[in-house]
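Architecture and fold: a report
Chain by chain, the residues run as shown.
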Amino acid sequence: MKAFFFLFFSLLLSFFVLPVSAQKRISGIVRDEHSEEGVPFASVQFKNTTIGGLTDSSGFFSFYLDKWPSDTIEISCVGYQPYLFIVNKNKDTAFVTILLERGTFNEGVQVKAKVNKGLLVWRRIVQHKPQNNRYRFDNFSYELYNKLEVDIKNFNFKRIAKFKPFRPVGDIINQNIDSFQGAKYLPTYLTEAISDYYYQKDPKKRREIIKAANTNGVKNESIIKYLGGTDQVVNVYNNFIAVFDREFVSPASDNGDLYYNYTVADTQQMGSNRFYHLVFTPRRTGTNTFEGDCWVHAGTFAIQKMNLRLGKEANVNFLETLSLIQEYTLINDSVWFLSKDKFVADLSPLGKERPGIIGRKTTTYRNVVIDDPSVTAELAKNKKLEEIIALPGADEKDKTYWEQSRHEPLSKSEQGVIRMIDTLVNAPAFQKFTNKINFIATGYLNTGNYQIGPWYNWITSNSWEGFRMRFDLGTNKHFDKKWWWHGYLAYGFGDKKLKGQGEVFFLPKKHPRLYLYGSYSNDLDFGQNYYGEVTQDNIFALALRKKNIPVKFIKLNEKRFEFFNETRSGFSALLAATHKTYTPLKNLISKDSFVITSSGLPLASAEISLRLRFAYLEKFVENQFFRTSLGSPYPIGEATIARGIAGVFKSSYNYTKISGSVSDYIKIPPFGNITYMVYGGKTFGTLPYVLLDIAPGNELYYYNQYAFNLMNRYEFIHDQYAGINFEHNVGNGLFRFFPKLKFRQFWTAKVLWGSLSESNRALNFKQGNNFQTLDGKTYLEVGTGIDNILRVLRVDFVWRLLPSTLPKSTSEHFGVFGSFRLSF
């Protein structure tokens, strides 16, 4: 017993006395320069001596010494460049932060053995995935804290403030920049969210309740919902991991040995647990793979920490460097559960030394509950399988709430970001500045309660109107929260005619959506208008038209009323009533060729239609009135029935139309993604060509993904039709052998079958017309090309394979088209 007390007090004395008696002390932390995460078990050695050690699991180190053994400390770790720190011998104590620059994992890990231990550890990880993947549980829940920060790098605000357009904003930023002196970047935006997340495996259900959101000036509920964790889930045990819109092979993939080389760098003991340090590198360049390392628990082969890296050689646009870190914590004797993940992306669109953006997302997980009835009870409240609910007042929490509820405190620079953003968003000069930037980018300018634009429709020219000018004026959310009014006037100096449109939109309910819409327009019909495509009615179309193709002009007078109602399940109904009167102007059959025996007008129709649409779990980004679809994980189906009625405001035709379509976007890693649409329809009745189905043609050299690009407008008409649009984006494809180009490969196919009844043929195929019908034959266009040229351009090479000959066609069998596509 005396020996025990002697040993105990000796240890106690050494613990307290040694630091006091030591004359020199140096401690610090070793961090990854990019992710700013601690580097565990890095070697910290006084150069040319035997004195040294390893950092702990968080990257910390500390030495107590009687004297400095050397004036240089060498820090090294697998995957990083060695770092030399010069010791100031005039100081007795120091705390230092060491930032290690990235190296390559191929250096410093050379293990010669008959058996590849790294490959064995990988196989055990794959074998134990069913026991370690958190989605094995019947249900679980946790509290989630999500922080997103955007920083600007290499941007000299003091210099840019000298330019007059930026001077007001530059002055405001410079007044708040003192908090960031010495930093390599300027933090400019930060959002936070705290939510409760619930998951059930069978049937699969998800529910997230956003309890608090600090959006720093952004008051948009649809954006707040995406600040949680539902749409930001990364699971390293999956075979593929999404980076922006690209899919990369996970190091823990079932087929990982086909893509990675694995090596065990060392083994470390942490407490009572032993861990393998597994390093992985790509087997081949040009593939969608990471490099990095992970720490693997020796008993369960669960991943305790995963570090994934991508460099600028990865086929992700504008990416300079990317880090993805996940940490797991043992929550009982055998269950490792996700405790933290961090995503850091350095985007440099203009080059490494030019201004760029650093995005940082940090997520932490607390209060984990596994296989508990309380989770099932909460998920029973769902009205659909997946729900994200932002509680009322979630974006109005005060400073005290955040200080008490954050999982980790904000750094000094992050606190400065919030102060600066608050100053900016309330500054009139900044509001004017952002309005101007928005005007250039989107075409619309908000001024008070009104909105003008888009500017790209202001000026254009064509052979019928000559020089054309147009001006739009609409209201915005400051005028009214539920009513939107818009109209435009256009004038052609050639035809000397005034045209225009007026429309009104009423949105009494947003979730689920319910609206009323009415419009009147009297203008040229410029053809199909698809989002993201160049139409005939803007300044960019002037230089893009194909040569030697007669330009068709037709005037449309239209009155339209819509009633839209949507359910929470994704089912929607659109009831519409329209009245249209067409007046062909040039290179189309005139209305005089269609004799009407009744009191109606030729080419005038009145129609009631019902469109039913089902898009399960479709997601949107919304503004006050309108929304943009982000797609659905399931196919989207539509069906429409329309009934034409004669005798309504001098309409002349009775008919029935039915049509339908199914479309989807499918990721098929590692083979890219597929987009398809299958559609068809039939018209019952004898009608002029303007009321039949006119196959969508393209008379521009700008590629239109929704049209047949080697077909002219009004070339093919049908009263029954079916078609398929198919596009396969392969990814690198053949260009993986030239990784520096970052080109991408794709191929397309568009098929159309159509026919025209004898009565409609007799009515429309008059002398001098250029209409055609397929008569049940197949129209087929196929194409391939190069995407991602200079990161934004795409070139399509398109061939028309069927039919091989067309009696009246003025289109070509081969064409080259360009387009602008912005993506990661």
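Residues numbered from 1 in each chain as written. Predicted model: local features only at pLDDT ≥ 70, side-chain atom pairs only at ≥ 80, totals over all residues. Heavy atoms only, no water.

Overview of the overall build of the chain
Within the chain, the regular secondary structure consists of 11 helices and 42 strands. Relative to its 824 residues, the chain shows a buried fraction of 48%. Long-range pairs, those at least 24 residues apart, make up 63% of the contacts in the chain between residues at least 6 apart in sequence. For the chain, the exposed area adds up to about 41,200 Å²; of that, 58% sits on carbon and sulfur atoms. (Helix = DSSP H or I, 4+ residues; strand = E, 2+ residues; numbered from the N terminus. Buried < 20%, exposed > 50% of the residue type's maximum accessible area, 1.4 Å probe, protein only. Contact = heavy atoms within 4.5 Å. Areas by Shrake-Rupley, 256 points an atom, 1.4 Å probe, with all protein chains shown as cover.)

Some thoughts on the sheet that holds strand β3 (residues 52-54)
Read across the open sheet, the 4 strands follow the order β3-β2-β5-β6; overall the sheet is antiparallel. If you trace the sheet from one side to the other, it starts and ends with β3 and β6 (83-86), each paired once. The mean inter-strand angle of the sheet, taken between neighbouring strand axes irrespective of direction, is 20°. In this structure, strand β5 (residues 72-76) lies alongside β6, joined through 4 bridges in antiparallel fashion. In the sheet register, Thr72 faces β6, and the bridge partner there is Ile86. (Pairing = 2+ DSSP bridges. Axes fitted to C-alpha atoms, helices over the stretch in contact; angles between N-to-C directions.)

Some points on the packing of aromatic side chains
Enumeration over the complete set of coordinates arrives at 44 aromatic pairs. Feature note: the residues Tyr135, Phe140, Tyr142, Tyr197, Tyr199, Phe337 and Tyr365 constitute an aromatic cluster, connected by ring pairs. Taking NZ or CZ as reference, Arg627 lies 3.8 Å from the ring centre of Phe620, over its face. If you follow Arg794 out to its NZ or CZ, it ends over the ring of Phe746, 3.9 Å from the centre. (Phe/Tyr/Trp six-rings, centres within 6.5 Å; stacked < 30°, edge-to-face > 60°. Lys NZ or Arg CZ within 6 Å of the ring centre and 35° of its normal.)

Overview of the sheet that holds strand β1 (residues 24-32)
Here 3 strands make up an open sheet; going across it, the order is β4-β1-β7 and the pairing mixed. Looking at the sheet topology across the chains shown, the edges are occupied by β4 (60-65) and β7 (93-100). Adjacent strand axes in the sheet meet at a mean angle of 20° when their direction is disregarded. Of the strand pairs in this sheet, β1 and β7 are connected by 8 bridges, and their pairing is parallel. Paired with Ile29 across the two strands is Thr97, which belongs to β7.

Examining the confidence of the model for the chain
For the chain, per-residue confidence averages 84 on the pLDDT scale, and 87% of positions sit at 70 or higher. Of all helices and strands in the chain, the one with the weakest mean pLDDT is helix α1 (residues 2-21) (42), whereas strand β33 (residues 636-644) scores best (97). Segment residues 529-534 is flagged for pLDDT under 50; beyond a separation of four residues in sequence, or across chains, it makes 17 contacts in the model. (pLDDT = per-residue confidence, 0-100.)

Here we look at unusual backbone geometry
In this model, Asp202 is joined to Pro203 through a cis peptide bond whose omega is -10°. Looking along the chain, the bond that leaves Gly453 and enters Pro454 is cis, with omega of 15°. Among the structural elements, Pro454 can be located in the loop between β22 (450-452) and β23 (459-462). The phi torsion at Tyr714 lies on the positive side, around 60°, for a residue other than glycine. Its place among the elements puts Tyr714 in the loop between β36 (693-694) and β37 (717-718). In this structure Tyr714 comes out as buried when scored by relative accessible area, which is 8%.

Points about helix α2 (residues 117-127)
Inspection of α2 places Gly118, Val121, Trp122 and Ile125 among the buried residues, and these make up the whole buried set. Relative to the axis of α2, the buried residues are bounded by an arc of 100° and lie together on one face. The N-capping residue of α2, defined by a side-chain oxygen 3.0 Å from the backbone nitrogen of Gly118, is Asn116. (Arc of directions from axis to C-beta. Polar contact = N/O pair within 3.5 Å; in protein donor to acceptor, adjacent residues only side chain to side chain.)

A closer look at the pattern of salt bridges
For the structure shown, the criterion picks out 32 salt bridges. In this structure, the salt-bridge partner of Glu386 is Arg206, at a minimum N-O distance of 3.1 Å. Of this pair, Glu386 sits in strand β20 (residues 386-390) while Arg206 is found in strand β10 (residues 205-214), placing the two residues 180 residues apart along the sequence. Residue classification places Glu386 among the buried residues on the basis of a relative accessible area of 16%. Relative accessible area serves as the criterion here: at 12%, Arg206 is assigned to the buried category. Among the ionic contacts, a cluster of salt bridges with common partners joins Glu465, Arg468, Asp495, Lys499 and Asp523. (Salt bridge = Lys/Arg side-chain N within 4 Å of Asp/Glu carboxyl O.)

Concerning helix α9 (residues 412-425)
Helix length check: α9 (14 residues) gives 20 Å between terminal C-alpha atoms against 20 Å at 1.5 Å per residue, within 8%. Listed in full, the buried residues belonging to α9 are Glu414, Gly416, Val417, Ile418, Met420, Ile421 and Leu424. (Expected span 1.5 Å × (residues − 1).)

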